[in-house]
Amino acid sequence: VPGEVRRQAHLAYLVKEGVFSPTEQAEFLRDQPQYLRFEIGAAHDCAKYVVINKPFDCRLDLGTQGERKYPEELTAADWLTLHGLDTLRFCHQLDAATSGLLLAAKDKKSAAAATRLFAERKARKQYLALVFGHVQPGAHSRICVSLGPAPDSNFLQRVMPEGDGKPAETVLRVIRHGTLALRGPYEGKAASLLLLEP
């Protein structure tokens, strides 16, 4: 199934769930046609690991329920299966909404080694974020908060009052200031490209 068809099916699912109205969906696609791109593939493949370039709004797997949200949904685990790599094990998590590189191991020993590095926070991760406005260099360069479970969710986290929850720290660096060039209502608005390192 082509990526554009998968994205259109996802939007139809969101309309069905009441997240978007049909009019809002049409406006969204008019303003952000790049949303229809859905590209998943191997960024690196070696003897022990495969690094998958996971697009945004793509789940790792079908979860404990084992059900697709819509028939055209493709998970990262599905991609592995389609490429004969279904025996691989994910070494870390990546939120469904987040695009990025996802490490999968080809054997138990490699999986254990990589998983341990992520668990001990020895694996270095970086995220790029495009945000509205011009964040001043040096402003909020180190963000320290406590995280804990969000109400009514089995996996979402939220910022907790100081002293409650698990400490979390993110280093933020401003890469560039500019204006948004994407067509739509935000075209020409001030924006910043940030590098985040948890």
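Here we summarise the structure given alongside this text. Here the residue index of a chain counts from 1 through its sequence in written order. Per-residue local features are limited, in this predicted model, to residues with pLDDT of at least 70; the limit for side-chain atom pairs, both in listing and counting, is 80 or more; totals at the level of whole chains, interfaces and linings are taken over all residues. Side-chain numbers come from the whole structure's heavy atoms, not from hydrogens or water.

## Observations concerning the packing of aromatic side chains
When two rings of Phe, Tyr or Trp (its six-membered ring) have centres within 6.5 Å they constitute a pair, described as stacked for plane angles under 30 degrees, edge-to-face for angles over 60, and tilted for the intermediate range. By the definition in use, this model includes five aromatic pairs. Ring plane angle 35° and centroid distance 5.4 Å describe the contact between Phe20 and Phe28, whose orientation is recorded as tilted. An identical accessibility class is assigned to Phe20 and Phe28; each is buried. A centroid spacing of 5.5 Å and a plane angle of 50° characterise the contact between Tyr35 and Phe56, whose relative ring orientation is tilted. Taken together, the residues Tyr35 in the loop between helix H2 (22-31) and strand S1 (41-45) and Phe56 in the loop between strand S2 (49-54) and helix H3 (76-82) connect sequence positions 21 residues apart. Working definition: with a 1.4 Å probe on protein chains only, accessible area under 20% of the residue-type maximum means buried, over 50% means exposed, and in between means partly exposed. Think of it this way: any DSSP run of H or I at least four residues long counts as a helix, any run of E at least two long counts as a strand, and we number them from the N terminus.

## Overview of the pattern of salt bridges
A carboxyl oxygen of Asp or Glu within 4 Å of a side-chain nitrogen of Lys or Arg is what we treat as a salt bridge. Within this structure, the stated rule accounts for eight salt bridges. A salt bridge links Asp45 to Lys106, with the shortest nitrogen-to-oxygen separation between them at 2.6 Å. Taken together, the residues span a long stretch of sequence, with Asp45 in strand S1 and Lys106 in the loop between strand S4 (100-105) and helix H4 (108-119) at a distance of 61 residues. For the salt bridge of Arg124 with Glu197, the shortest nitrogen-to-oxygen distance reads 2.9 Å. Placement of Arg124 in the loop between H4 and strand S5 (127-132) and of Glu197 in strand S9 (residues 190-197) is noted, with a sequence separation of 73 residues between them.

## A closer look at the sheet that holds strand S3 (residues 89-90)
When DSSP finds at least two bridges between two strands, those strands are taken to pair. Taking strand neighbours across the sheet as the criterion, the four strands line up as S1-S2-S4-S3 in an open arrangement whose pairing is antiparallel. Single-partner strands in this sheet number two, and they are S1 and S3. One ladder, built from two bridges, connects S3 with S4; its direction is antiparallel. Residue pairing across strands places Arg89 opposite Ala105, the latter belonging to S4. Running over the sheet, H4 touches S2, S3 and S4 and is turned about 140° from S4. By definition in these notes, contact holds between two residues if any of their heavy atoms fall within 4.5 Å. Axes here refer to lines fitted to C-alpha atoms; in helices the fit is confined to the stretch in contact. Angles between the N-to-C directions go from 0 to 180 degrees.

## A few points about the sheet that holds strand S6 (residues 142-149)
Sheet architecture is open: five strands sit in the order S5-S9-S8-S6-S7, paired in antiparallel fashion. Of all the strands in the sheet, the pair left with one neighbour each is S5 and strand S7 (157-160). Shown here is a sheet whose adjacent strand axes are inclined to one another by a mean of 45°, direction ignored. Inspection of the sheet shows strand S8 (residues 166-179) paired to S9 by eight bridges, in the antiparallel sense. The partner of Leu172 across the bridge, within S9, is Leu196.

## A look at the nonpolar core
One finds Ile40, Ile52, Trp79, Leu80, Leu85, Leu88 and Leu102 to be the most contacted residues of the largest nonpolar core, which totals 15 residues. Elements that contribute at least two residues to this core include exactly S2, H3 and S4. Setting aside chain neighbours within four positions, we find Trp79 in contact with Ile40, Gly41, Ala42, Ile52, Leu74 and Leu85. Only buried Ala, Val, Leu, Ile, Met, Phe, Trp, Tyr and Cys residues count toward a nonpolar core, and they belong to the same one when joined by side-chain atoms within 4.5 Å. Counting residues in hydrophobic clusters, the runner-up holds nine residues, among them Leu11, Leu14, Phe28 and Leu36.

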